[in-house]
Structures are given as structure tokens and as C-alpha cells.
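Here is how the chains run, residue by residue.
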Amino acid sequence: MTAAEIARLAGVGRAAVSNWRRRHADFPKPVGGTETSPSFALADVERWLRDQGKLAEVPLRERVWQQLSAHPAGAVTALVHAGCALLLVHHRPSGWPALAAVSDARLAAVLPGALEEVLTFRFGAPRAVRTPLPDELTPSVPLLRGAAALAAETGARQAFEFLLGRHLDANPRQYTLTPAEPAALMAALVGPGGTVLDPASGTGTLLRAVDRPGALHAQETDPDLAALTALRLALHTDADVRAAAGDALRADAFPELAADAVLCHPPFNERNWGHDELAYDPRWEYGLPARTESELAWVQHALARLRPGGTAVLLMPPAAASRRSGRRVRAGLLRRGALRAVVALPAGAAPPYGIPLHLWVLRRPGPAERPSPELLLVDTATAEPAAAGRDRLDWQAIRAAVLDAWQPFERQGTVPETPGVSRCVPVIELLDDDVDLAPARHLPPPAAGGGAAGLDAVRERLTQTLRRTGELTPPPSPAASPAAAPVHRPATTVGELARAGALVMHAGGTGGGAPGEDVPVLTEQDVLSGKAPTGTLPDAPDEEPVRLEAGDVVVPVLGAGTFVRVVDEATAGAALGRNLQLLRPDPDTLDPWFLAGFLRGSANQRQASSYASTATRLDVRRLQLPRLPLAEQRRYGERFRTLAEFEEALRLAGRLGERLVQGMYDGLTDGSLRPE
């Protein structure tokens, strides 16, 4: 087990585990892992925690997880074995106690027969989940007993979801996962019920999101992942589940299927998808996809597996809507009425998170059906985040914008235009040389700055802000004169204050979050621009990030310039990012605004800076400030705080001014404003 798992076991932070390792000579020695990420034996850790009075009993779920992660055949094999046992418990709850009453050796011998029966009942034959042999089950028996006990506490479905989720969290780079929010949106677009196929099912997230399915069909290239998906779906729903391993393009497991719906998050940018060997495949009704257009091959595969009138929704890279190499296939989809809608999602909706992905909604045309004359385009790519940072999208607003356009379009074949959000575009307008289907290229922008009323609101805010900057403009200091010489006062350095205990120093960017932990990070750019935290934590299972507290002083250490930030209540709780130094003053000794103000002095910054070949680096310990009584510090601190308010007002005025100017340009050029 890792240090993060020890912390979870003991109910403490990861920093506490690091302290135990340093302070206690009898702390268990690592038995594996690396020097920076060691692993420890569960039994040794459990014994040490009990001896120290830090653990009364290992929670059952943690014990089962440790048994799974330490399985000699690997975590995936152990997870499949546990899933098979949980499926047996789920469908034969009265039969498990009799099986479990025998010895471990006997249980390993008799369990395959019971598993074969329930696996055949749920998946038929052939199937993705192979019945394990007795010698394969022997090392898994303690895990299976623990998993069954966990199922008795939480339910078999929840037990498997916990184990699978923990495995996926522990191996974030091994799997490309479809987040739950876009999966739910895709499932809502195809509607409830029916037979649903996912030909690149991954961990089954898309099929799991379908509401009241009649039958679920899944295919996945990785046999282990196909088995996990089958077990996950069988535990999640009572619908018929059929899962197979293999490449759906080269070796389709369901060639005769006529599904009501297809959901798919295909692999992107694959060159070796079978272009040459599949050149004459009957699925290419709309044209042979180019070698660089693997996504269009998946689109046509999805259409080929639909019944007439069935709906497919695919998560696509934005380049698939506009690459010249795919324009012939896109034109064929439009002419036949197979492509019904293209929806642009915001960046951060799904991996790869750096680009705004698209949803393509397709419908298999009936033999006598007339092609639709219009294509629905929806653009949510500019949706405002619900909070700062990646993965904080306002999915409720995105879902509403998409479904409010799609549902009436599906019923009526058209929908009124919503400027900047959705529009029905005549197919004839799209059938040009490029056949560019990117929504942003065909949707008129929303009214500039919210229209004339919106620009008036911006103008009013700008006027108020400029008035506020006038009020905050610092008056001339009565004690200063043009000929006044600098005052020399007894000084100290940040390093001396740290040694004396007047403040604590922390370097940023040395820790990370547990998988799934949602903690914003104050980045270097946030400090320079005065913004709220916008970063996200990397996965770093053995280090606790530095958390900000109100009154902390944050200093960037790279680059020339005088930038310092005092943390307020709104920013408290965020993690400290890279290239930042945190100073936490003792409030009975140091005023934080006094500290921050003197650290911003230009001369102070110059004398504490050093120069490398490519960057300027600030040695925070060398920064100086005068020795003053706390009451005098607070007088200076109040003036520095007022200066910070003035600076923020200037920043806001600049942003509002830019919005007003751009809104005026846009309004005058698009006709929503008149010159007079």
C-alpha cells in the first residue's frame, strides 16, 4: 500500500504519514515501489498503527482493496474474479453462504461450476468473461470472501463500483475515460429504452448512462476491459448484456445487430485503423474514409449497426468537422440526411481536455425517407464555467442548451434560432468545397456585449469603477517632499524572521491531490493577474499540497517584477501552485499587509534577485523589511491594503473598458448598434 492509502486507512492527511516515517524509527520499511513513491506491507502497517493507538480496526473496504491491489496475478485479474463472485452473490444470494462455508481449497474447487452457470445466464455464449479455473481462483479466495462481505454491507453493485473506481483512480494514465456528465448528455440525446450498442465501450460509462435499456451490447479491443465492462453492466442493470473483446472495425462482434441506438467515444487520430484491408467494406455507404479519418470510419460503423430510424451519438474531435480529407464523407452524410446535429462542447468536457470536442448526432435513414433539409448546429464551447479551473463546467446549463435545441428539432425538423447558441442551417448552404460543419463558423454571435442594454450595463459599471479609482487614488504624503531623503531604519530579512518563528515559509507545487480530489490551485499567473485560483492538482499520492489560509502572503519567485498577494477568505483553502513562495506570518508579531507592502518595494526586489541564463529568480529569504512595533506595522499595513484596492480597481476598469470597446466594435459591425 502507498502512503496515500495509509493516510486513508488511518483517517489522516498524507503529510502526517510523512511525519511518522521521519519521526518513528520503528515505522515499517518499504517493501516495494520507488524511492519517491514507496509501498508498504498492509500487515506491517496495520500492526504499527494499532501499536501506536492510531487504528482500532481496518475498514472492510480498505482491506478488500488491499487484497485486490496486492493480488499475485495483478489487480485487473483480481477485479475480474471479484466481479464474477459479486455477480454470483447478486443473482444467487441464498447460494453464497453454503459455498462460503467450506474451506478455501474446497471453495476454489467448487466455485467455477457456480460461476459458469451465472455467467452463462447473464452473458450467453460466446462471452467476454471467461470462467476462471480452480488453480486461478486459489489465490483469490480471501479476496472473494471479503468482496462478498462488502456486498452484504453495501450491495454487490456498489461494492464492484468502489473496487473498479479505486482501480481506475490508481491508474489514471492507463485508461481514457468518458466523464459521467458528457455520458449522461449523450444518453439523453438517444433517449430511454431499446437496444443500445457501444462499439468502443472502454469501462462501460456510456452504456451505464442509458435510461431503462432493453439490451446492452459492448465491444472493446482490450479483453480485460471488455470483461470488466460486462461485469459492471450486468451488476448495474437487469437488461440483457452482451459484451465481446476485439476491434469493432476489423472484427465486428455484432455484424447482424440492428440497434435502436449507438453511443460511442471512439479512439481519436488512429492511422492504423484498417484503411487498406477494409477498402471494400459494405459499411462505407457514405464514402471510404481517408487513412487520416478514423473517426469517420467509426461514424459509418455506428450507422451500419442501427435500425432504420435509430439514433447514434458519437464524441468527436473538432477537426473531424472541417478537415479537407473528410469532406466527401461529410457531404454524403448530409445529402442522405444521416447527420442530424453537431454540438460543440467546451474545452475540458472530456479527454483530451485541452480542446472543445464535438457531439455528432446521426440517424439511419429509412428506405423511403426524404433527407432532412436542415442540420442543427449547437455551440456551447463558450459556456461560462461554474467555477474557476478545468472540470468545473456548468453541465446543467450545457445540458439545457443542447436538449432545448435538440428535442424540438427532433420532433419538428426545425427550431428557432438562438443567437450564438443554436441554429438550423440549410444543408444546401453546407455543401460547398469545404463542407465545414464546425458550429462556430455558422452561428451568428450573440448580441454584442448583451446588446445595447448589456453595453449600457458595462458602461455603468465602468463609470462606477472609475469613480472608485478616483476615491482610492493615494493622496500626497504630508511628510514627503521632492527633496526628502530615504529613511534608514533598522531592518531584518524574511530568512531571519523565519528562523525566529515570526513567520513560516512553504514552497508551492510540491504536492498533489488524491485521485478525484477537487481542489483549486492558485497559480503564478493568478497572482500576477489578481484572479481567483484557476489551476488543478496533479495526482501525487505521497505528498500533501500546501493549503492557503487567510492572511498568508504569496510571492512569485520567477521573473522580474514586484508582485505579492495577501490571501483573502475567498482564496483560503486553495492549494499553492508552482513557482510560488508562501509566507505565513504570526499575527501577534507581523501584520500581513505590512509584510506584503514592504516586499513589493522595487529596491527590495532588486537586491534579492539573482540571474540565471534564462530567468530571474527571487530569493525570498533575502527580502528585507524594517523592525517596527506591531501598532506601527498596522498603520503601514492599512495604507498598503488601500493601495491594493486601488490596484484591483484599476485592473477591473481596464477589463471593463476592453469589454465596452470590443462590444461597440462588434455591435457597429454586425448591425445591432447604429452609428448615431
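For the structure, see preceding data.
Now for a look at the structure at hand. (Residues numbered from 1 in each chain as written. Predicted model: local features only at pLDDT ≥ 70, side-chain atom pairs only at ≥ 80, totals over all residues. Heavy atoms only, no water.)

**Here's the deal with the overall build of the chain**
No. 1: Secondary structure assignment for the chain yields 23 helices and 22 strands.
No. 2: When contacts within the chain are restricted to residue pairs at least 6 apart in sequence, long-range pairs at least 24 apart make up 72% of them.
No. 3: For the chain, the computed accessible surface area is about 31,700 Å², with 52% contributed by carbon and sulfur atoms.
No. 4: In the chain, 72 side chains carry a positive charge and 78 a negative one; their mean positions are 2 Å apart. (Helix = DSSP H or I, 4+ residues; strand = E, 2+ residues; numbered from the N terminus. Contact = heavy atoms within 4.5 Å. Areas by Shrake-Rupley, 256 points an atom, 1.4 Å probe, with all protein chains shown as cover. Lys, Arg positive; Asp, Glu negative; His and termini not counted. Charge placed at Lys NZ, Arg CZ, Asp CG, Glu CD.)

**Let's talk about helix α11 (residues 180-190)**
No. 1: Within α11, burial applies to P182, A183, L185, M186, A187, L189 and V190.
No. 2: Where α11 is buried, its residues touch α12 (205-208), β6 (259-264), β7 (306-316), β9 (358-363) and α16 (395-412).
No. 3: Where α11 terminates, the next one or two residues include G191, which has phi positive at roughly 85°. (Buried < 20%, exposed > 50% of the residue type's maximum accessible area, 1.4 Å probe, protein only.)

**Focus: the nonpolar core**
The nonpolar side chains of a soluble globular protein tend to be buried, and buried together.
No. 1: Grouped together as the largest cluster of nonpolar side chains are 90 residues, with contacts concentrated most on L111, F123, L231, L263, L359 and L376.
No. 2: By residue number, the principal contributor to this core is helix α5 (residues 75-91), which donates 11 residues.
No. 3: In this structure, L359 is in contact with L185, M186, L189, V313, L314, L315, A341, V342, V343 and L345, ignoring residues within four places of it in sequence.
No. 4: Counting residues in hydrophobic clusters, the runner-up holds 42 residues, among them V299, V329, V425 and V427. (Core = buried A, V, L, I, M, F, W, Y, C linked by side-chain atoms within 4.5 Å.)

**Examining the pattern of salt bridges**
No. 1: A complete count under the given rule lists 38 salt bridges for this structure.
No. 2: Here R242 ties to D240 by a salt bridge, and the two come within 2.8 Å at their closest N and O atoms.
No. 3: For R242, a relative accessible area of 26% puts it in the partly exposed group.
No. 4: The class for D240 is partly exposed, based on a relative accessible area of 31%.
No. 5: Its salt-bridge partner being R250, residue D247 comes within 3.0 Å of it at the nearest N-O pair. (Salt bridge = Lys/Arg side-chain N within 4 Å of Asp/Glu carboxyl O.)

**So, the pairing of β7**
No. 1: Within β7, 8 of the 11 residues are buried, which leaves the element mostly enclosed by the surrounding structure.
No. 2: Both β6 and β7 contribute to a ladder of 5 bridges, which runs parallel. Bridge pairing links A259 to L306 in β7.
No. 3: Handedness of the crossover joining β6 and β7 through helix α14 (residues 294-304): right-handed.
No. 4: Bridge count between β7 and β9: 6 bridges; the pairing is antiparallel. Bridge pairing links L314 to W360 in β9. (Pairing = 2+ DSSP bridges. Right-handed = clockwise from strand over helix to strand, strands pointing away.)

**Re unusual backbone geometry**
Excluding glycine, a negative phi dihedral is what most residues carry, and trans is how most peptide bonds are arranged.
No. 1: The omega torsion of the bond from A125 to P126 falls at -5°, within 30 degrees of zero and hence cis.
No. 2: Looking at the secondary structure, you find P126 in the loop between α7 (104-123) and α8 (134-137).
No. 3: In this model, V435 sits at a positive phi of 45°, which is unusual for a non-glycine residue.
No. 4: In this structure, V435 sits in the loop between α17 (427-430) and α18 (451-472).

**Let's talk about the sheet that holds strand β19 (residues 580-585)**
Strand-to-strand pairing in sheets goes through backbone hydrogen bonds, with the strands running parallel or antiparallel.
No. 1: Reading across the sheet, the 4 strands line up as β13-β19-β16-β17 and stay open at both edges, with antiparallel pairing between neighbours. A strand with exactly one partner marks an edge of an open sheet, and here the two such strands are β13 (503-507) and β17 (565-566).
No. 2: Two strands pair when backbone bridges link them, and β13 and β19 are joined in this way by 5 bridges, in the antiparallel orientation. Residue pairing for β19: A507 is matched across the bridge by Q581.
No. 3: Against the sheet, helix α21 (residues 592-599) makes contact with β13, β16 (553-556), β17 and β19, and its axis sits at roughly 15° relative to β16, the strand it touches most. (Axes fitted to C-alpha atoms, helices over the stretch in contact; angles between N-to-C directions.)

**Regarding the sheet that holds strand β8 (residues 339-344)**
No. 1: The sheet built from 9 strands is open, its strands ordered β5-β4-β3-β6-β7-β9-β8-β10-β11 with mixed pairing. Looking at strand neighbours, the two that pair on one side only are β5 (240-245) and β11 (422-426), the edges of this open sheet. Shown here is a sheet whose adjacent strand axes are inclined to one another by a mean of 15°, direction ignored.
No. 2: Sheet analysis places β8 next to strand β10 (residues 374-379), joined by 4 bridges and oriented parallel. Its bridge partner being in β10, A341 is matched across the sheet by L376.
No. 3: The strands touched by α11 within the sheet are β6, β7 and β9, with β7 carrying the most contacts at an inclination of about 160°.

**Description of the packing of α5 against helix α13 (residues 223-236)**
When two helices pack together, their arrangement is given by the angle between the helix axes and the distance between those axes.
No. 1: Interhelical geometry of α5 versus α13 gives an angle of 25° and a closest axis separation of 10 Å. Relative to α13, the element α5 lies roughly parallel. The two elements α5 and α13 cross, and the hand of that crossing is left-handed. Across from V76, L79, V80, G83, C84, L86, L87, H90 and H91 in α5, the residues of α13 making contact are D224, A227, L228, L231, A234 and L235.
No. 2: Residues belonging to the contact of α5 with α13 are distributed by class as follows: 11 nonpolar, 3 polar and 1 charged. (Parallel < 35°, antiparallel > 145°, perpendicular 65-115°, else oblique. Left-handed = near helix turned anticlockwise from the far one by under 90°. Nonpolar A, V, L, I, M, F, W, Y, C, P; charged D, E, K, R; others polar.)

**Describing the packing of α5 against helix α9 (residues 141-154)**
No. 1: Interhelical geometry of α5 versus α9 gives an angle of 45° and a closest axis separation of 9 Å. Here α5 is positioned oblique relative to α9, judged by the angle of their axes. Regarding α5 and α9, the two cross each other, and that crossing is right-handed. In this structure, α5 uses A78, H81, A82, A85, L86 and V89 to contact α9, whose residues at the interface are L143, L144, A147, A148 and A151.
No. 2: For the contact of α5 with α9, a count of residues per class yields 10 nonpolar, 1 polar and no charged.

**Considerations on the packing of aromatic side chains**
No. 1: Enumeration according to the criterion identifies 10 aromatic pairs in this entry.
No. 2: Ring plane angle 85° and centroid distance 5.7 Å describe the contact between F27 and F40, whose orientation is recorded as edge-to-face. Of the two residues, F27 is situated in the loop between α2 (14-23) and β1 (32-33) and F40 in the loop between β2 (38-39) and α3 (42-51); the sequence distance between them amounts to 13 residues. Summarising the burial analysis for this pair, F27 and F40 share the class buried.
No. 3: A centroid spacing of 6.0 Å and a plane angle of 45° characterise the contact between W406 and F409, whose relative ring orientation is tilted. With a gap of 3 residues between them, W406 and F409 both fall in helix α16, about one helical turn apart.
No. 4: Given the relative accessible area of 0%, F409 is considered buried.
No. 5: One aromatic cluster is present, formed by W20, F27, F40 and W48 through successive ring pairs.
No. 6: The cationic tip of R61 hangs over the ring face of F162; the distance from NZ or CZ to the ring centre is 4.0 Å. (Phe/Tyr/Trp six-rings, centres within 6.5 Å; stacked < 30°, edge-to-face > 60°. Lys NZ or Arg CZ within 6 Å of the ring centre and 35° of its normal.)

**Examining the pairing of β6**
No. 1: Most of β6 is tucked away, with 5 of its 6 residues classed as buried.
No. 2: Both strand β3 (residues 195-198) and β6 contribute to a ladder of 2 bridges, which runs parallel. Directly across from V196, in β6, lies its bridge partner A261.

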